[in-house]
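Secondary and tertiary structure notes
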Amino acid sequence: MAETGEEEMMPAEASGFSDLSDSEFLDLEDTQESSASLSKPGPSSELPGKDGMLTSLPKWKRGLDVLPPMERFHLKYLNVTDLSTQNWCEQQMVYGRELPGFLSPEKAAVLDTGASIHLARELEVHDLVTIPITTKEDAWAVKFLNILSMIPTLQSEGRVREFPVFGEVDSVLLVGVIDELHYTAKGELELVELKTRRRPLLPLEAQKKKDCFQVSLYKYIFDAMVQGKVTTASLLHHIKLHPEKPLGPSVLRHAQQGGFSVKSLGDLMELVFLSLTLSDLPVIDILKIEYIHQETATVLGTEIVAFEEKELRNKVQHYLAYWMGHREPQGVDIEEAWKCRMCNYADICEWRKDGGVHSATLEPQAEKAK
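To start, this report covers the structure provided alongside it. Every chain's residues receive numbers from 1 upward, in the order its sequence appears when written. Residues qualify for local features only when their pLDDT is at least 70, as the model is predicted, and side-chain atom pairs are given and counted only at 80 or more; totals for whole chains, interfaces and linings, by contrast, use all residues. Excluded from the side-chain calculations are hydrogens and water; all other atoms, namely the structure's heavy atoms, are used.

Some thoughts on the overall build of the protein
This is how it is decided: The way it works is that DSSP assigns letters per residue, a run of H or I at least four long becomes a helix, a run of E at least two long becomes a strand, and they are numbered from the N terminus. Think of it in three bands: with a 1.4 Å probe and only protein chains considered, a residue is buried below 20% of the maximum accessible area for its type, exposed above 50%, and partly exposed in between. Residues are treated as being in contact if the distance between any of their heavy atoms lies within 4.5 Å. Only the protein chains shown count as cover for residues, and all accessible areas are computed by the Shrake-Rupley method using a 1.4 Å probe.
When helices and strands are tallied, the protein shows 11 helices and eight strands. By the burial criterion, 54% of the 370 residues in the protein qualify as buried. Considering only intrachain contacts with a sequence separation of at least 6, the fraction spanning at least 24 residues in the protein is 75%. Split by element, the accessible area of the protein, about 16800 Å² in all, is 53% carbon and sulfur.

What to know about the packing of helix α4 (residues 136-155) against helix α7 (residues 249-257)
Condition: Throughout, an axis means a line fitted to C-alpha atoms (over the contacting stretch in the case of helices), and angles, computed between N-to-C directions, take values from 0 to 180 degrees. In what follows, roughly perpendicular refers to angles from 65 to 115 degrees, roughly parallel to angles under 35, roughly antiparallel to angles over 145, and oblique to any angle outside these ranges. Each crossing gets its handedness from the near helix: less than a right angle anticlockwise from the far helix is left-handed, clockwise is right-handed. Classes in brief: Ala, Val, Leu, Ile, Met, Phe, Trp, Tyr, Cys and Pro nonpolar; Asp, Glu, Lys and Arg charged; the others, Gly included, polar.
Contact pair α4 / α7: the axes reach a minimum separation of 10 Å and the direction vectors enclose 15°. As far as their axial angle goes, α7 and α4 are roughly parallel. As for the relative orientation of α4 and α7, their crossing is left-handed in sense. Touching Asp-138, Ala-141, Val-142 and Leu-145 of α4 are Val-251, His-254 and Ala-255, all from α7. When the residues that make up the contact of α4 with α7 are grouped by side-chain class, the tally is five nonpolar, one polar and one charged.

Considerations on helix α9 (residues 309-323)
For clarity, the cut-off: The span expected for a helix works out to 1.5 Å for each residue beyond the first.
Spanning 15 residues, α9 covers 21 Å between terminal C-alpha atoms, matching the ideal 21 Å at 1.5 Å per step. All buried positions along α9 are accounted for by Leu-312, Lys-315, Val-316, His-318, Tyr-319, Leu-320, Ala-321, Tyr-322 and Trp-323. Just past α9, the residue Gly-325 takes up positive phi, approximately 85°.

Points about the pairing of strand β4 (residues 160-169)
In plain terms, the rule: Two strands qualify as a pair provided DSSP detects at least 2 bridges between them.
Of all 10 residues making up β4, nine are buried, and the element is well covered by its neighbours. Sheet analysis places β4 next to strand β5 (residues 172-183), joined by nine bridges and oriented antiparallel. Note that in β5 the partner of Gly-167 across the bridge is Leu-174. Linkage of β4 to β5, two consecutive antiparallel strands, is achieved through a turn of two residues, within which Asp-170 is found at a positive phi near 50°.

Side note on unusual backbone geometry
One non-glycine residue with positive phi stands out, namely His-74, at about 60°. Take His-74: it is sitting in the loop between α1 (69-72) and β2 (78-79). Overall, the relative accessible area of 46% leaves His-74 in the partly exposed class.

Structural data, given as structure tokens:
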């Protein structure tokens, strides 16, 4: 499996996938969004003050002169974990964007430990080859080459890890990385999401709810990919890639070593989408979340997730309405105000200061905004 090398000169956003795997976001006791996308503080934010303490933020500015968050944060796509973080607390996610890079050393260490566990698991099934790149086209080419290398393994009912997924939902491109795909003894394709825990305790229901949403969205996007519902045109439109651009020498050499006769990104994309639709890969049958203690690597428990497409689409539409500028960000319901006790932004949270709301609806808000 290929990975982009240290010679990469493009920003993380250009690679099309977060450097931090979607599976690396923190558990309940460590919840804090960490975004690999480059972004600037929004018009309503202030950077941390002296001694690293957060200063108060002015109220969220509203009106027709305010750009939608997708434009304000210069985003061409969203990570699956952007939406799953909204599932935990949308307002916290917004502050994470407004104040990029604000992550305590303790939580950064927790992330590093989780990343190490994921890497060790990945190395169990394949080696990593570092490929130097200099353009966003090359960065995406590496992702496509990884997909091409995994398709035959899945066709032969093997096991793969770190499978890239991408697809358009309601005019927004969503991308992510599936931890693991393998077949059960009954021949069913199973998705496994690894969640590491700092303490040897299973998460509370609120955290499980967030994780269940994440794996359900992975299935929704993966299924669309193998059913031929994801198009080259959609990807080019959102990422602004140049398909005619020749592949860099390192990427081209790796492609040739893999037996792929391609010269440009367009050639590679055509091969990937053709392979996905003609591979006869099944949709995902089972969704499973595995919780592991970081220090001992002990499996704390597993969760089998029931896929509810209608409920998932309603939630996704609601979350995307914020990104498209159709509604304001929302904090937690009053019943989940206990989450605020572990939030770094509690002291500046306007939602919390205003008392929040007692209930919320998951109905798409775009129509109401018109």
